[in-house]
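Structural overview for review
Here is how the chains run, residue by residue.
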2 protein chains.
Amino acid sequence: METAAWRPRTKRGHRTSELWDETPHGGYYTQDDLREIVAYAAERHVTVVPEIDVPGHSQAAIAAYPHLGNSDVVDTEALGVWETWGVNPNVLAPTEEVLRFYEDVFTEVLDVFPSTFFHIGGDECPKDQWKASETAQKRIAELGVGDEDGLQSWFIRHFDTWLTARGRRLIGWDEILEGGLAPGATVTSWRGYAGGITAARAGHDVVMCPEQQVYLDFRQAGGEEEPVPIGWVRTMEDIYRFEPVPPELTPEEARHVLGAQANSWAEVMDSQDRRDYQTFPRLAAFSEVVWSELPAPDARDYEGFARRMDAAHYARLDALGVAYRPKNGPKPWQRRPGVGGFPREGRPPRV
Amino acid sequence: METAAWRPRTKRGHRTSELWDETPHGGYYTQDDLREIVAYAAERHVTVVPEIDVPGHSQAAIAAYPHLGNSDVVDTEALGVWETWGVNPNVLAPTEEVLRFYEDVFTEVLDVFPSTFFHIGGDECPKDQWKASETAQKRIAELGVGDEDGLQSWFIRHFDTWLTARGRRLIGWDEILEGGLAPGATVTSWRGYAGGITAARAGHDVVMCPEQQVYLDFRQAGGEEEPVPIGWVRTMEDIYRFEPVPPELTPEEARHVLGAQANSWAEVMDSQDRRDYQTFPRLAAFSEVVWSELPAPDARDYEGFARRMDAAHYARLDALGVAYRPKNGPKPWQRRPGVGGFPREGRPPRV
């Protein structure tokens, strides 16, 4: 998904909503701001992993630097910053000039973030512009990569080599499997477990974050009162029974599962409190899953966990001022009446 | 002015605007939250002065406890929380029951705030309901206070006595002069200097905050780009030339001017950043006025102050992440296109 920071207005709710917030949106972090965040996290034993998404999700960059886009297909000079979100057709041109530009950007980012891993996105890159672009088609022929998937793979491989030469490791969304995984790549498996399983079996490291299981932007309960309900209902118990390591992996393959992450995309979260609401208390269940030894999902003592939440942890969240979702549903000011979401139905697949 | 916290929706912009934010608004501080704020401020040598506004600006209290209102004039059971702002006709009933209720509330508030001063509001209390209320008219006759202004004065005097008996001092907006100032009262003079001058000459202490001079919610520049422009244009230089002590006061009278305050009402400020924008950098000019010895307004070295801002203070605000108004006007995301304000024209009167 993509939301551009410097946008003239903002879609309210799901991208199918017709509501707009007409306040321009923008702002930036200085390199010093970012170093402060990195240092703050490091004091708490947290490593911040930066992500610069290529070659998709790039309209904001193309709006600022039109030569980065497929200008033989679309008038990139006329492109503004996107005001809504979702999968965006405007992707980077597969040129040497674009590679040099991003090498410069990555060099500055690496200087700020000491993280071993560097996330290059790689997700949701529609191939329509490359199919229509003479430049891209010539490039496919020159490189001998066969098709547009091969071109994307070439793009990612370039940065895999580039990052490895600098002592870093490339990580990307599971779309980077398409067209062949770059030799040093690690995969964040978001469209399900399948990409992660394939990568682990091929000897690549994996971080599991299947959207069917642990997307915290997805709604926590059914009913009309959840603010801007998106995705499947995933309760705290569902999260507590999430299993990062699929049982079909051999012990050797399973060692490639470095851990899991719970994504929480913010397109419909209009404030820090809304983000707190969506993320907590489920993040506590997720933390116990990834930071402790638990039995198989169905054998886990969820009631015991819930008792510990009641006995101590909700009080901690209260003391910290975390605006978590109350057990009996949102407080009035946590609702967003009239702002449309995009709920989906279905239970999480068990692994 | 009045904005109720627990409201079903929120007026966007000036109260004459037709825009609404349909998100319910609410929340509260626990007593522990307040003690934390008081302690945080005290560590920085700041005393937090609480305000509970009586007998006007009380619709939220009446909506929760209908017996507090003039129920022989208006159906207080049917009153909701006000969704807009300004001067509100729903005021407290002048009954013993209401006094007891507020004594209970004040007792809890005094326990949290060690401040010597306790602000009881006293402003913007329309007398229409009391004029129409048989209960209020009987009360005027019983008390022998003559009219509705006398009734308001009786109300404030009651709490002056009550606070004094508890070792505290009552402070109120300059409307508390109407009907006769309570013996121990201190005045925050907001409608101009006049109330403060009258009070100081009568031997009462005064805090100067004339809206013509130092209301920081008022706009900082002319033009279309200021967010939700309210009130008169008051530049940083205007604030720097604000004089808290009117020259017509004798030295003895002038000693009653305890200081000044710069009010910054938040009805059109939708976020902390908007409040930063409205308050800074002008608060720096105000601080120098009240915390240093300066010559008469026209003789002040504003250029020297501006140079010191450029040389050091803007950088401090940047480092602290304060979203102040840039000298050349708002950044795009600091604007509020389409949200109506209520600008007024005129230079500040010089004293």
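This report concerns the structure included in the present document. Bear in mind that the values here come from a model prediction, so they are computed numbers and not experimental data.

1. Considerations on the overall build of chain A
Helix and strand counts for chain A come out as 13 helices and 10 strands. Computed over its C-alpha atoms, the radius of gyration of chain A comes to 21 Å, within 12% of the 20 Å expected for a compact globule of 351 residues. Along the first, second and third principal axes, the C-alpha atoms of chain A reach 65 × 55 × 40 Å. Taking the contacts inside chain A whose residues are at least 6 apart along the sequence as the reference set, 68% of them involve residues at least 24 apart. Entry remark: accessible area of chain A is about 16,500 Å², with carbon and sulfur atoms responsible for 53%. Mean positive and mean negative side-chain charge positions of chain A (37 and 56 charges, respectively) differ by 6 Å.

2. Comments concerning the pattern of salt bridges
All names here are of chain A. Following the criterion strictly, the structure yields 48 salt bridges over all chains and no others. With a closest N to O distance of 3.1 Å, E178 and R191 form a salt bridge. With a gap of 13 residues between them, E178 in the loop between strand 5 (169–173) and strand 6 (186–189) and R191 in the loop between strand 6 and helix 7 (194–201) connect regions that are remote in the sequence. E178 sits in the partly exposed class, given a relative accessible area of 29%. When the shortest N-O distance is used, the salt bridge between E252 and R255 registers 3.7 Å. Side by side, E252 and R255 carry an identical accessibility label, which is exposed. When salt bridges that share partners are traced, they join E96, R100, E103, R139 and E142 into one network.

3. Here we look at the relation of the copies chain A and chain B
Aligned on chain B, chain A shows an RMSD of 0.0 Å; the corresponding rotation is 180° and the shift along the axis is 0.0 Å. Here the two chains are linked by the operation of a two-fold rotation axis. A share of 100% of the interface residues of chain A reappears at the interface of chain B, consistent with the copies meeting face to face through the same patch.

4. Some thoughts on the pairing of strand 4 (residues 117–121) of chain B
Residue and element names in this part refer to chain B. Counting buried residues along strand 4, five of its five residues qualify, which places the element largely inside the surrounding structure. By the alternation rule, side chains of strand 4 split into F117, H119 and G121 and F118 and I120, which are all buried. Where strand 3 (residues 51–54) and strand 4 come together, two bridges link them in parallel fashion. Its bridge partner lying in strand 4, E51 is registered against H119. Note: strand 4 against strand 5 (residues 169–173), three bridges, orientation parallel. Bridging across to strand 5, H119 finds its partner in I171.

5. Section: the sheet that holds strand 7 (residues 206–208) of chain B
All names here are of chain B. Here six strands make up an open sheet; going across it, the order is 3-4-5-6-7-9 and the pairing parallel. With partners counted over all chains shown, the strands left at the sheet margins are strand 3 and strand 9 (257–260), one partner each. Neighbour-to-neighbour, the strand axes of the sheet open up by a mean angle of 25°, direction not taken into account. Packing of helix 3 (residues 96–112) onto the sheet brings it into contact with strand 3 and strand 4, and relative to strand 3 it is tilted by some 165°.

6. Quick word on the interface of chain A and chain B
If you look at the interface, chain A gives 15 residues, while chain B gives 15 residues. Both faces considered, chain A and chain B share a buried interface measuring about 1,100 Å² in area, 64% of it formed by carbon and sulfur atoms. Three residues stand out in chain A for area buried against chain B, namely T23(A), P24(A) and W333(A), and they jointly supply 46% of the buried area on that side. Counting the contacts that link chain A with chain B gives zero residue pairs in polar contact (both at pLDDT 80 or more). Each residue belonging to the side of chain A that touches chain B can be placed in one class, and the counts come to six nonpolar, four polar and five charged.

7. Topic: the environment of P8(A)
Residue and element names in this part refer to chain A. By the secondary structure assignment, P8 is in the segment before strand 1 (10–12). According to the relative accessible area criterion, P8 is partly exposed, its value standing at 43%. Separated by 72 residues in the primary sequence, P8 and G80 place their C-alpha atoms 9.2 Å from one another. Ignoring any residue separated from it by four or fewer positions in sequence, one finds P8 in contact with E22, T23, P24, V81 and E83.

8. A look at the sheet that holds strand 6 of chain A
Residue and element names in this part refer to chain A. Taken in spatial order, the six strands of this open sheet run 3-4-5-6-7-9, and their pairing is parallel. Either end of the sheet is taken by a strand with one partner, and the two such strands are strand 3 (51–54) and strand 9 (257–260). Averaged over neighbouring strand pairs, the angle between their axes works out to 25° when direction is ignored. This element, helix 6 (residues 148–165), spans strand 3, strand 4 (117–121) and strand 5 of the sheet and lies at about 150° to strand 5.

9. As for the packing of helix 3 (residues 96–112) of chain A against helix 6 of chain A
Residue and element names in this part refer to chain A. Relative to each other, helix 3 and helix 6 sit at 40°, their axes nearing to 12 Å. Judged on the interaxial angle alone, helix 6 and helix 3 are oblique. The two elements helix 3 and helix 6 meet at a crossing, and its hand is right-handed. Seen from helix 3, the contacting residues are E96, V98, L99, R100, Y102, E103, F106, T107 and L110; seen from helix 6, they are W154, F155, H158, F159, W162 and L163.

10. Quick word on unusual backbone geometry
Residues and elements named next belong to chain B. That bond from V54 to P55 is cis: its omega, -10°, falls within 30 degrees of zero. Mapped onto the elements of the fold, P55 is located in the loop between strand 3 and helix 2 (59–64). Put simply, F280 and P281 share a cis peptide bond, and its omega is 5°. Relative to the helices and strands, P281 resides in the loop between helix 11 (272–279) and helix 12 (282–291).

11. Some points on the side chain of Q334(A)
Residues and elements named next belong to chain A. The topology assignment puts Q334 in the loop between helix 13 (302–320) and strand 10 (342–343). A polar contact of 3.5 Å, which involves the side chain of Q334, links it to the backbone oxygen of Y324. When residues no more than four places from it in sequence are discounted, the contact partners of Q334 are P227, Y277, A323, Y324 and P326.

12. As for helix 3 of chain B
Residues and elements named next belong to chain B. Between the first and last C-alpha of helix 3 there are 25 Å, a value that for 17 residues agrees with the 24 Å anticipated at 1.5 Å per step. Of all the positions in helix 3, only V98, L99, Y102, E103, F106, V109, L110 and V112 are classed as buried. Those residues of helix 3 hidden inside the fold are in contact with helix 1 (31–43), strand 3, helix 2, strand 4 and helix 6 (148–165).

13. Looking at the packing of aromatic side chains
Taken as a whole and assessed by the stated rule, the structure comprises 42 aromatic pairs over all chains. The interplanar angle of 20° and the centroid separation of 6.4 Å between the aromatic rings of W6(A) and Y28(A) together place this pair among those described as stacked. Note that W6(A) is positioned in the segment before strand 1 and Y28(A) in the loop between strand 2 (19–21) and helix 1 (31–43), a separation of 22 residues in sequence. With relative accessibility at 53%, the residue Y28(A) sits in the exposed group. For the ring pair Y215(B) and F218(B), a centre distance of 5.4 Å and an interplane angle of 45° mean the geometry is tilted. Like F218(B), Y215(B) is buried. Cluster of aromatic residues (ring-pair linked, three or more members): Y65(A), F101(A), Y102(A), F106(A), F118(A), W154(A), F155(A), F159(A) and W162(A). Across from the ring centre of Y40(B), 3.6 Å away, lies the NZ or CZ of R44(B), which sits over that ring. Geometry around W232(B) places R344(B) over its ring, the cationic atom sitting 4.3 Å from the centre.

Parameters at a glance
- Residues numbered from 1 in each chain as written.
- Chains lettered and ligands numbered in written order.
- Predicted model: local features only at pLDDT ≥ 70, side-chain atom pairs only at ≥ 80, totals over all residues.
- Heavy atoms only, no water.
- Helix = DSSP H or I, 4+ residues; strand = E, 2+ residues; numbered from the N terminus.
- Rg over C-alpha atoms; globule rule 2.2 N^0.38 Å.
- Contact = heavy atoms within 4.5 Å.
- Areas by Shrake-Rupley, 256 points an atom, 1.4 Å probe, with all protein chains shown as cover.
- Lys, Arg positive; Asp, Glu negative; His and termini not counted.
- Charge placed at Lys NZ, Arg CZ, Asp CG, Glu CD.
- Salt bridge = Lys/Arg side-chain N within 4 Å of Asp/Glu carboxyl O.
- Buried < 20%, exposed > 50% of the residue type's maximum accessible area, 1.4 Å probe, protein only.
- Least-squares fit on C-alpha atoms with pLDDT ≥ 70 in both.
- Pairing = 2+ DSSP bridges.
- Axes fitted to C-alpha atoms, helices over the stretch in contact; angles between N-to-C directions.
- Buried area = accessible area lost by both parts, 1.4 Å probe.
- Polar contact = N/O pair within 3.5 Å; in protein donor to acceptor, adjacent residues only side chain to side chain.
- Nonpolar A, V, L, I, M, F, W, Y, C, P; charged D, E, K, R; others polar.
- Parallel < 35°, antiparallel > 145°, perpendicular 65-115°, else oblique.
- Left-handed = near helix turned anticlockwise from the far one by under 90°.
- Expected span 1.5 Å × (residues − 1).
- Phe/Tyr/Trp six-rings, centres within 6.5 Å; stacked < 30°, edge-to-face > 60°.
- Lys NZ or Arg CZ within 6 Å of the ring centre and 35° of its normal.

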